[in-house]
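Analysis of the macromolecular model
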Amino acid sequence: MKKINVTTSATMFDDFSQLSSDDQLLMNKAIEARKKAYAPYSKFNVGVALLLGNGEIILGNNQENAAYPSGMCAERVAIWKAGSEYPNMKVKKIAITAASETSTVNKPVGPCGACRQTLSEYEINQKEPIEIIFMGEVGKIVKTESLLSLLPFSFDSSYL
Ligand code: THU
């Protein structure tokens, strides 16, 4: 028996101005999408902008429901929109931002576990990493070079 260390890496940016202009553009689209979130229950608005290989940008935001579990996260709304409209199109990067109506979200908000799992399916299938950039409303921004770097020991179709 031995203990192993699983490591990952990410780039931390102090603020929005440190992002490349392409990443700023994508994040600005995510902010636009965030403002259209339907989150009357949590008041936690999440926006996503996803850049496809053909240059198209797909937007998504969280869609809540009075029957709480019937709601859906912004990331899955966006990736399923992309997958259904553009099957087999590669996803280059995904920008994510969250803002609360009750407090200022000042730390980076990464995708939840279920969204990581969902996104991993697309990254594995396309055989190319998807860059993930995430922030709150203000404050530091995290960028990872791939989705799988956020999901060690993940489950995929090779187990089936
Ligand atoms: N939410 C997302 O949209 N993405 C995440 O990765 C985490 C959580 C949404 C779900 C719900 O509408 C609200 O944020 C509070 O959990």
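Residues numbered from 1 in each chain as written. Predicted model: local features only at pLDDT ≥ 70, side-chain atom pairs only at ≥ 80, totals over all residues. Heavy atoms only, no water.

The subject of this paragraph is the sheet that holds strand β1 (residues 11-13). One open sheet holds the six strands; their spatial order is β1-β6-β5-β4-β2-β3, and the pairing between them is mixed. The sheet is open, and its two edges are formed by β1 and β3 (57-61), each paired on a single side. Within this sheet the neighbouring strands show an average axis-to-axis angle of 15°, counted without direction. Direction of pairing for strand β2 (residues 44-52) relative to strand β4 (residues 91-100): antiparallel, over a ladder of nine bridges. When the sheet's bridge partners are listed, Ala49 is paired in β4 with Ala95. Against the sheet, helix α1 (residues 21-34) makes contact with β2, β3, β4, β5 (131-135) and β6 (141-144), and its axis sits at roughly 50° relative to β4, the strand it touches most. (Pairing = 2+ DSSP bridges. Helix = DSSP H or I, 4+ residues; strand = E, 2+ residues; numbered from the N terminus. Axes fitted to C-alpha atoms, helices over the stretch in contact; angles between N-to-C directions. Contact = heavy atoms within 4.5 Å.)

Let's shift gears to the site of the ligand. Around the ligand, the surrounding shell consists of Ser42, Phe44, Val46, Asn62, Glu64, Cys73, Ala74, Glu75, Gly110, Pro111 and Cys112. One nitrogen or oxygen atom from the main chain of Ala74 is found 2.9 Å from an oxygen atom belonging to the ligand. One nitrogen or oxygen atom from the main chain of Cys112 is found 2.9 Å from an oxygen atom belonging to the ligand. Calculation on the ligand without its partners gives an accessible area of 380 Å², and the protein chains cover 75% of this total. Contributing elements (two or more residues each) for the shell around the ligand: β2 and α2 (74-85). (Near = heavy atom within 4 Å. Polar contact = N/O pair within 3.5 Å; in protein donor to acceptor, adjacent residues only side chain to side chain. Areas by Shrake-Rupley, 256 points an atom, 1.4 Å probe, with all protein chains shown as cover.)

We now examine the side chain of Asp23. Structurally, the position occupied by Asp23 is in helix α1. Engagement of the side chain of Asp23 in a polar contact is seen with the side chain of Lys143, the distance being 2.6 Å. Setting aside residues up to four positions removed in sequence, Asp23 forms contacts with Lys93, Ile133 and Lys143.

Moving on, we come to the UniProt feature "domain: CMP/dCMP-type deaminase" (unreviewed entry) in the protein. In the numbering used here, UniProt assigns the feature "domain: CMP/dCMP-type deaminase" (unreviewed entry) to residues 21-158. End C-alpha to end C-alpha, residues 21-158 measures 38 Å, and it is 29% helix and 24% strand. (UniProt positions renumbered as here; feature names shortened; annotations may be inferred.)

If you walk through the whole model with that rule in mind, you get zero disulfides. Looking at the unpaired Cys112, the closest cysteine sulfur is the one in Cys115, lying at 3.7 Å. Cys112 sits in the partly exposed class, given a relative accessible area of 32%. (Disulfide = S-S within 2.5 Å. Buried < 20%, exposed > 50% of the residue type's maximum accessible area, 1.4 Å probe, protein only.)

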